[in-house]
Every structure is written in C-alpha cells, then in structure tokens.
Amino acid sequence: MKDITVKDIVNICQGKLICGDENIICKEFKKDTRTIKTGDVYVGIKGENFDGNTLYEEAFENGAEVCIVSGVEAKEYEGKTIIEVEDSLNALQKIAEYKRSLYNIPVIAVTGSVGKTSTKDIIASVMSQKYKVLKTEGNMNNHIGLPMTILKLEDHEAMVVEMGMDHAGEISVLTNIAHPTMCVISNIGSSHIKNLGSRENILKAKLEILEGTKEDSPIAINNDNDLLNNWIKTNSTNHKIIKYGIDTQSDVMARDIESFEDKSIFTLEINNKEYTCIGNDIEQCYKIEIPVGGKHFVYNALSAICVGLENNIEIEKIIEGIKNVKLTKRRMEIVKSKKGITIINDTYNANYESMKAGLEYLHSVNGNRKIAILGDMLNLGDYETELHEKIGEEVIKSEVSVLITVGEASQNIAKRALEIGEITNIIIHECKTNEEAIKFAKGELKQGDIVLVKASNAMHFDEIVEKIQM
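Residues numbered from 1 in each chain as written. Predicted model: local features only at pLDDT ≥ 70, side-chain atom pairs only at ≥ 80, totals over all residues. Heavy atoms only, no water.

**Q** Give a detailed account of the packing of helix α4 (residues 116–127) against helix α11 (residues 315–323), specifying residues and quantitative values.
**A** Relative orientation of the contacting elements α4 and α11 amounts to 135 degrees, with a least axis distance of 8 Å. Relative to α11, the element α4 lies oblique. Pair α4 / α11 crosses with right-handed handedness. Here α4 contributes Ile122, Ser125 and Val126 to the contact with α11, which in turn contributes Ile318, Gly321 and Ile322. Grouping the amino acids of the contact of α4 with α11 by side-chain chemistry returns four nonpolar, two polar and no charged. (Axes fitted to C-alpha atoms, helices over the stretch in contact; angles between N-to-C directions. Helix = DSSP H or I, 4+ residues; strand = E, 2+ residues; numbered from the N terminus. Parallel < 35°, antiparallel > 145°, perpendicular 65-115°, else oblique. Left-handed = near helix turned anticlockwise from the far one by under 90°. Contact = heavy atoms within 4.5 Å. Nonpolar A, V, L, I, M, F, W, Y, C, P; charged D, E, K, R; others polar.)

**Q** Residue-level account of the sheet that holds strand β11 (residues 182–185), with values.
**A** Spatially, the nine strands line up as an open sheet ordered β9-β10-β8-β11-β12-β13-β14-β15-β16, and their pairing is mixed. Sheet topology places β9 (133–135) and β16 (286–290) at the edges, where each strand pairs with a single neighbour. Each neighbouring strand pair of the sheet contributes to a mean axis angle of 20 degrees, computed without reference to strand direction. Where β9 lies against strand β10 (residues 158–162), three bridges are found, and the strand directions are parallel. Its bridge partner being in β10, Val133 is matched across the sheet by Ala158. (Pairing = 2+ DSSP bridges.)

**Q** Help me get a handle on the packing of aromatic side chains, residues and values and all.
**A** In this description, a pair of aromatic rings is defined by centroid distance and the angle of the planes. Under the counting rule described, the total for this entry stands at two aromatic pairs. When the ring of Tyr56 is compared with that of Phe60, the centres are 6.4 Å apart and the planes differ by 90 degrees; the resulting orientation is edge-to-face. Residue Tyr56 and its partner Phe60 are located together in helix α2 (residues 56–61), separated by four residues, close to a single helical turn. Taken individually, Tyr56 and Phe60 each receive the classification buried, so the pair is uniform in this respect. Measuring from centroid to centroid gives 4.7 Å for Phe60 and Tyr77, while their planes differ by 40 degrees, and the two rings are tilted. Taken together, the residues Phe60 in helix α2 and Tyr77 in the loop between β6 (66–69) and β7 (81–84) connect sequence positions 17 residues apart. Taking the relative accessible area as the measure of exposure, Phe60 reaches 4% and is therefore buried. Overall, the relative accessible area of 25% leaves Tyr77 in the partly exposed class. Between Lys263 and the ring centre of Phe260, over which it is positioned, the NZ or CZ distance is 5.6 Å. Stacked on the ring of Tyr352, the Lys or Arg Lys390 has its end atom at 4.7 Å from the ring centre. (Phe/Tyr/Trp six-rings, centres within 6.5 Å; stacked < 30°, edge-to-face > 60°. Buried < 20%, exposed > 50% of the residue type's maximum accessible area, 1.4 Å probe, protein only. Lys NZ or Arg CZ within 6 Å of the ring centre and 35° of its normal.)

**Q** Can you tell me about the sheet that holds strand β22 (residues 450–454), naming the residues and giving the values?
**A** In space, the six strands of this open sheet follow the order β17-β18-β22-β19-β20-β21, with mixed pairing throughout. Sheet topology places β17 (333–336) and β21 (427–431) at the edges, where each strand pairs with a single neighbour. In this sheet, adjacent strand axes meet at a mean angle of 15 degrees when their direction is disregarded. In this sheet, strand β18 (residues 342–345) lies alongside β17 in antiparallel orientation, the contact comprising four bridges. If you follow Lys336 over to β18, its bridge partner there is Thr342. Running over the sheet, helix α12 (residues 352–364) touches β17, β18, β19 (370–375) and β22 and is turned about 165 degrees from β19.

**Q** Go over the pairing of β6 with me, naming the residues and quoting the values.
**A** Side-chain alternation along β6 places Val66 and Ile68 on one buried face and Cys67 and Val69 on a second face that is also buried. Of the strand pairs in this sheet, strand β5 (residues 41–43) and β6 are connected by three bridges, and their pairing is parallel. Bridge assignment links Val41 to a residue of β6, and that residue is Val66. The handedness of the β5 to β6 crossover, carried by α2, is right-handed. Across four bridges, the pairing between β6 and β7 is parallel. Counterpart to Val69 in the pairing with β7 is Glu84. (Right-handed = clockwise from strand over helix to strand, strands pointing away.)

**Q** Tell me about a negative patch on the surface, and name the residues and values.
**A** Taken together, the side chains of Glu435, Asp462, Glu463 and Glu466 define an acidic patch exposed on the protein surface. Sorting elements by how many residues they give to the negative patch places helix α16 (residues 462–468) first, with three residues. Tracing the backbone shows Glu466 in helix α16. (Patch = residues over 30% accessible without salt bridge, like charges linked within 9 Å, V, L, I, M, F, W, Y side chains within 5 Å. Areas by Shrake-Rupley, 256 points an atom, 1.4 Å probe, with all protein chains shown as cover. Salt bridge = Lys/Arg side-chain N within 4 Å of Asp/Glu carboxyl O. Lys, Arg positive; Asp, Glu negative; His and termini not counted. Charge placed at Lys NZ, Arg CZ, Asp CG, Glu CD.)

**Q** Which residues make up the packing of helix α10 (residues 295–310) against α11, and what are the values?
**A** One can describe the packing of α10 onto α11 by two numbers: an axis separation of 10 Å at closest approach and a directional angle of 145 degrees. Seen along the crossing, α10 lies across α11 with a hand that is right-handed. Contact residues: Ala301, Ile305, Gly308 and Leu309 in α10; Ile315, Ile318 and Ile322 in α11.

**Q** Describe in detail the environment of Ser410, supporting the description with residues and values.
**A** Along the chain, Ser410 turns up in the loop between β20 (402–406) and α14 (411–420). We classify Ser410 as buried; its relative accessible area is 0%. Expressed as a C-alpha distance, the spacing of Ser410 and Leu210, which sit 200 residues apart in the sequence, is 36 Å. Not counting chain neighbours up to four residues away, the residues in contact with Ser410 comprise Leu374, Gly375, Asp376, His388 and Thr405. Polar side-chain contacts of Ser410 include one of 3.4 Å to the backbone oxygen of Val406. (Polar contact = N/O pair within 3.5 Å; in protein donor to acceptor, adjacent residues only side chain to side chain.)

**Q** Pulling in residues and values, what's your account of the environment of Val10?
**A** You can see Val10 is positioned in helix α1 (residues 6–13). Taking C-alpha positions, Val10 is 45 Å from Glu320, a pair spaced 310 residues apart along the chain. Discounting residues that sit within four places of it in the chain, Val10 has contacts with Gly15, Leu17 and Ile83.

Pasting the structure below:
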C-alpha cells in the first residue's frame, strides 16, 4: 500500500490544517456520513440539494478521524483533524491523481455510449487472471465516483475504470486523474445526444479519454462502429490502435456466433501478428463462451480479449476470465419466474443502440412467445420521436408477439410498430404507469414466454421485473 498522510493532502491541495495531526495516514475516504467507519477520512462535497461540508461534525461523531472541507468556518474539534481547502471536490480529484501517481500498474479505462459497465466487468475478470484488480463498482464513473475508486487502491496490481459523461469536457477531467495505460472505446451511439447535439460531438467527447494517456499507449476500438471506423481511417495518431469487430476485418474478430438464453459462443479469430506467440498457440481455433446472450456482449468480450493480449495474459486464461465473469446486476440478467417465464432484466439504462441490441437478442433465443415491455429512453432531445419510432421498427423485425409500452415517449414505439405491423398478430398495449403495465403483463404472460424488460433507469422498470416474476 502506498500511504497518503494529512501532510501530503495539505501540500497537494494547498490546504490549511485547522487542527489535528499532520502525520495521520489517510486510508479510507468517504463522502457520505452514513457510511463512515472509525478512522475514515470524510470529504465534504457540495451537492444540488445539500452541502456535505456542513456535516463534518456529524462525520466525526460517526467515527471519522479526518475531515476535508471547504466553504465553512470549521471549528477545532478535540482529538480530530480538519483540513480546509479552497474546493473540496477539486481536492478529492487532486488527491486521487496523486494516489494514482504512486502506482506503476496497468490502468484500463473504458468509455462508449453503450455497455461500458459490462465491458468493464469482463475486462476486469480477464485481468484478474493475472493481477489483483481494482475496478469501478456499479457505475461510479463520474467526477466523484472515479476519484473515490482510485482512492481505494491498496495492494492492487491493476485497475479497470469506467468513464462516463453527460457533457463535453467531463471525460477530459477523468482521464487526467486516472492516466490510463490503455483505453477501450466500445461504440459511439445516441446516448446524451440531447446535450451534445450530434453523434459526431459524442465522438469528440469520448476521444477526450486519450488526453490523459501517453502518446504511444494502446487503444482497443470497435471497428464495426461507423464513426469509430471512420476515425481510424481519417486520423493519424501515435497511439497503437487495436481493432476488434464482427462484420469488419479487424485484429481480433468473432466468427460463427451462437446465441442461447444464458450464453453466447463464438470462434475467435486473431489477425494481429503481434499476438501469435501469446499462449500455447494463438493460431489454433478457440471457442469463447460468455455467460450471457446477445451480440453486444460478444463485442464486450472481444474488447476484453484485446486488453488481455496486450497485457500478456495467456489466451487460455483470457477465455477462463470471460467464461466466469460476474456482471453487474440488471444488465441482461436472466430471471426465472415462478410460472416458468424467462425475464431478461436489462433495466439499468437504455438508449437506441442498447434497446435495439436487446430486441435482437430477444429474437435470437428460443421460447414460446417473445414479449417486450419497453419504456422511455431519456435525454434524446430533438431525436426523441425519431429514435423511439425506430425502436418500433425493431420490435416488428424482432417478431415480438406482445409489446407493452410505458411512458409518453414510448407511445412512438407503439405507434410505429402498429403502422408497419398491421399484417402481424402482435398485441400492443400502451400504459401510462408501471402499475398498469404490471397488471396487464400478469394477465397476459404464459409459461414458456420470454420477456425483455428495458427502459432508462429513471423509469424504475426494476419494479416491473420484481412484480412479474412473483
């Protein structure tokens, strides 16, 4: 473990020691007084609804040994240490960057419009075959979550971090804290298009991830994504680009993909000569198994293979890491109901690309009837109507038997599905609330049905999954 002391923090942040001992070693950092344990360091963060800086006394009462605060007149607290800084959030980020600088380890950063968390999980599982890995928990992928993750570094030998964003400039901040040794860009889609205005602007924002890396560091890029493919062709860079794909000739490819209810299997093809000596014999035919279905998870696995090979992990170990990955909950999670219904719980979030991928997976698996319970995709701005209508087209392509929609924007899914699906026997039911959808679904679902449940996180579709599995 690389220790950070109170004195280090004062120097890093150009802070002021109000009271206490500058030689205290700071180990566990917390921003929530409710999770404080004895000896922790509390960082007061000002949020939209309250100012955490004002809660330093509560943090001390709960066991904190050190508090970092700004914007308050902190009083001396007997037996405790208080550091006053100009901006506590900025201080948190500076401390995390300093902590990162103490570790000469592989740091893999993942970004993209869809599947960041699942990609991070698979990469971490592969890296764990060789290293003790620290990874982003859940999707703590923003300007607070990422530094909090880095501050958990102890005796770790590698780190895998997820980088998300809502606006331009945000990934720039993150990458200059984490300083990745390798980056993965999974895709450029429509997520956050409301804020950024176009997919091209989303690409620019995602490419900020390179700012915190060395010029010759490797990047694994989804070569099937149209904007990323074009960027590779039209931009010169000193970065080592490793391309992965299914449909476009790439360094690492998947062939003969088979999708099942609970897994996907594909044949691995390596076209990068640098990797011919990794493992026993990379040129032989390898079958890769992922414990979840869907083409989009094949892409995630391919990115993890790129990372594993680049970090000199034997191919047999890479395969093992992919097969045994433990994914974050509510991402293509298979749930069996008491009535023999298979539920695909993909309720964590949704945009056009992930919704389409979910429907394609639903279409690919065997079952009695295919049923889609779909809700609003948020933050689409002027593209809201168009993209929901395009999902209506995907519903028909996926040969869904029953479509249940919830929300105002999702009415466009139902409307478009009805327009182009008149000659089919699809049942379409529009709901205003989750409760209404639950009631209809419970009356409609039959043994052997396969149900995709998906919407943006704010739609709280986990409520639907919970009720229909009973």
